[in-house]
Amino acid sequence: MPFRFENSYARLPATFFENVDPTPVKNPELIRVNRELAIELGIDPLQLESDSGAAILSGNRVVEGSTPIAMAYSGHQFGGFSPQLGDGRAILLGEAVGDDGVRFDIQLKGSGQTPFSRRGDGRSALGPVLREYILCESMAALGVPTTRALAAVATGQPVYREGPVPGGVFTRVARSHVRIGTFQWFAAREDDANVKVLADYVIDRHYPDVKEADNPYLALLDGVIERQAKLIAHWMQLGFIHGVMNTDNMSVSGETIDYGPCAFMDEYHPGKTFSSIDHQGRYAYANQSPIGQWNLTRFAETLIPLLDNDQDTAIKKAETSLDRYHDIHRAEMRRRFYAKIGIAEDNNDDDNASDWELVDTLLTTMAENHADFTLVFRHLPEALERDNAEPVAKWFDQPDAFTKWFDTWRLRIPVPERHAAAKLMRTTNPIFIPRNHRVEQAIAAGYEGDFEPFHRLVNLLRAPFTEQPEHAEYEHPPKPDEIVHATFCGT
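Just so it is clear, the model here is predicted, and its values are computed rather than measured.

A few words now on the pairing of strand E7 (residues 103-109). Taking burial as the measure, the 7 residues of E7 include 5 buried ones, the bulk of the element. Hairpin remark: strand E6 (residues 90-97) followed by E7, antiparallel, with 5 residues in the connecting loop; positive phi at Gly 101, about 85 degrees. Two strands pair when backbone bridges link them, and E7 and strand E10 (residues 164-174) are joined in this way by 5 bridges, in the antiparallel orientation. In the sheet register, Lys 109 faces E10, and the bridge partner there is Phe 170.

For the pair helix H9 (residues 311-340) and helix H14 (residues 418-428), interaxial distance at closest approach is 7 Å and the crossing angle is 115 degrees. Side by side, H9 and H14 meet where Arg 336, Ala 339 and Lys 340 of the first sit next to Leu 424, Met 425 and Thr 428 of the second. Partitioned by chemical class, the residues of the contact of H9 with H14 number 3 nonpolar, 1 polar and 2 charged.

According to the stated counting rule, one finds 0 disulfides in the structure shown. Cys 136 takes part in no disulfide bond, and the closest cysteine sulfur, belonging to Cys 262, lies 9.5 Å away.

A rise of 1.5 Å per residue sets the reference length of helix H6 (residues 192-206), with its 15 residues, at 21 Å; its end C-alpha atoms lie 21 Å apart and thus fit the reference within 8%. Of all the residues in H6, the buried ones are Asn 194, Val 195, Leu 198, Ala 199, Tyr 201, Val 202, Ile 203, Arg 205 and His 206. On its buried face, H6 is in contact with E6, E7, E10, helix H5 (180-187), helix H7 (216-237) and helix H8 (288-307).

This paragraph deals with the pattern of salt bridges. Taken as a whole and assessed by the stated rule, the structure comprises 32 salt bridges. Residues Asp 387 and Arg 418 are paired through a salt bridge, measuring 3.5 Å at the closest nitrogen-oxygen approach. Of the two residues, Asp 387 sits in the loop between helix H11 (373-386) and helix H12 (390-393) while Arg 418 sits in helix H14, which places them 31 residues apart along the sequence. Note on Arg 418: relative accessible area 13%, which makes it buried. Here the salt bridges do not stand alone but share partners, grouping Glu 6, Glu 95, Arg 103, Asp 105 and Arg 205 into one network.

A few words now on the pairing of strand E9 (residues 148-160). Looking along a regular strand, one sees side chains alternate from face to face of the sheet. As paired strands, strand E2 (residues 29-33) and E9 are joined by 4 bridges and run antiparallel to one another. Opposite Leu 30, over in E9, you have Val 153 as the bridge partner. In this sheet, E10 lies alongside E9 in antiparallel orientation, the contact comprising 9 bridges. Paired with Ala 154 across the two strands is Gly 168, which belongs to E10. Between the antiparallel neighbours E9 and E10 lie 3 residues.

General note: in soluble globular proteins, nonpolar side chains tend to be found buried as a group. Counting residues in each nonpolar core, the largest one holds 143 residues, and the members touching the most others are Tyr 9, Phe 183, Ile 341, Met 366, Leu 380, Phe 402 and Trp 409. Setting aside residues no more than four positions away along its own chain, Met 366 makes contact with Tyr 268, Ala 371, Asp 372, Phe 373, Val 376, Phe 377 and Phe 396.

This part takes up helix H15 (residues 436-447). The end-to-end C-alpha separation of H15 is 17 Å, in line with the 16 Å expected for 12 residues at 1.5 Å each. When we look at burial in H15, the residues that qualify are Asn 436, His 437, Arg 438, Val 439, Ala 442, Ile 443, Ala 445 and Gly 446.

Before going further, it helps to examine unusual backbone geometry. The phi torsion at Arg 118 lies on the positive side, around 55 degrees, for a residue other than glycine. Residue placement: Arg 118 occurs in the loop between E7 and strand E8 (124-125). Notably, Asp 387 is not glycine yet its phi reads approximately 55 degrees, a positive angle. Among the residues examined, Asp 387 registers a relative accessible area of 36% and is labelled partly exposed.

What follows covers the environment of Leu 358. For Leu 358, the position within the fold is in helix H10 (residues 354-368). Accessibility expressed as a relative area gives 8% for Leu 358, which makes it buried. For the pair Leu 358 and Trp 409, spaced 51 residues apart in sequence, the C-alpha to C-alpha distance is 7.1 Å. Not counting residues within four places of it along the chain, the set of residues in contact with Leu 358 comprises Ile 341, Trp 405, Thr 408, Trp 409 and Arg 412.

A full pass over the atoms with the stated rule returns 21 aromatic pairs. Seen from their ring centres, Tyr 133 and Phe 170 are 6.5 Å apart, and the 80 degrees between their planes marks the pair as edge-to-face. Here Tyr 133 is found in helix H4 (residues 126-141), whereas its partner Phe 170 is found in strand E10, with 37 residues between them in sequence. Using a relative accessible area of 1% as the deciding quantity, one classes Phe 170 as buried. Here the aromatic rings of Phe 402 and Trp 405 are separated by 5.6 Å at their centres, their planes lie at 35 degrees, and the arrangement is tilted.

About the cut-offs
- Residues numbered from 1 in each chain as written.
- Predicted model: local features only at pLDDT ≥ 70, side-chain atom pairs only at ≥ 80, totals over all residues.
- Heavy atoms only, no water.
- Buried < 20%, exposed > 50% of the residue type's maximum accessible area, 1.4 Å probe, protein only.
- Helix = DSSP H or I, 4+ residues; strand = E, 2+ residues; numbered from the N terminus.
- Pairing = 2+ DSSP bridges.
- Axes fitted to C-alpha atoms, helices over the stretch in contact; angles between N-to-C directions.
- Contact = heavy atoms within 4.5 Å.
- Nonpolar A, V, L, I, M, F, W, Y, C, P; charged D, E, K, R; others polar.
- Disulfide = S-S within 2.5 Å.
- Expected span 1.5 Å × (residues − 1).
- Salt bridge = Lys/Arg side-chain N within 4 Å of Asp/Glu carboxyl O.
- Core = buried A, V, L, I, M, F, W, Y, C linked by side-chain atoms within 4.5 Å.
- Phe/Tyr/Trp six-rings, centres within 6.5 Å; stacked < 30°, edge-to-face > 60°.

In structure tokens:
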């Protein structure tokens, strides 16, 4: 068998999930198997690529040892609380356990209706399957904690959205699928006993070191806060916009999860959004930091009964922990953006904030001049080595605006330090990102049965910091008629 499952989550109380088998599809066809990830999980990729593997990855066959379940959770969606959400189009097959004892969930998305589907069909269109595969594997290559893609499958039957489109099934791998919304499921029902069961499960699986803390549940809160604060800074370093930072889309393991209407910015602007339904800009690029803290506050609320027997004391403890979020996120943002302009963590001038002023001035100038986020930072090393602003200035509406900044920056990095600074920038600033128009082109071709653009994009994004002259066109921003202004969940 290509999978050997354990099912620790399925051993939790019945209120945590619903047992449900995937719904078979008509004619499953493998589009891609992530061979490298399969090997990491101890799975034979050749077996996955067989007819038997296709049957498993499409949901047509449930392997021995699997206990398929749909997980229960609630969530704040665009600020409004929905007490009952849950896996409406996803089914957790089980957990692969590595030689080091680390568990990884294996989940099928688009695998049919569950008790949480409400009025949905439980299926996924092919486009979101291809999008999530591209985006999460790109994020992994960029070093961002993220869920992973094990496989993409075409179902051979249509799903109906605005019209009929080809269907697909995505196999997602995660350290777990426990979300802030999972805790909210029990807190909303005043089920403190199962909040504790869930917290103990998360501690065992993701934060075992906190067991020895004086207050393990407070230490759990601190751990989740730290991981999320750093994760969001990592997104922002790359110009990534999650798009739907609802509490049911925030994993307590600290991984990026649920690649729906997300995207990497082309032109930089702090107010940029991509979700077609984010009309108020709640999840705009610059709002990701405060929304992260807002979501973590909702998480802290669920833990209040565990933090102290006295509610007022418990609230004060939670508030003290939440107050740390800003400092953690700020420090991580500064570390990452200093690296983007060639200033090492141990060589910055943070005491008088002049280095951050350099970063902030550059970003402001980029926004005012419609400069491409990735291209500006990608070409900074060349400009520094040549001691010439031209390689970057050409991306600004008014090149002189960048030249003014460049003249200040070049004085900040002495000549003897410039080689190390350029090296730091080249390992921090990617050459290739999954640009929105390229992702859309791959999806459009996939809908026509041509998966070559999809494979080509996935392959080149595996090495985002490496020069690939044969794929230089993938560095370029979109032409005016190629710009993607909004993305959709589309599942």
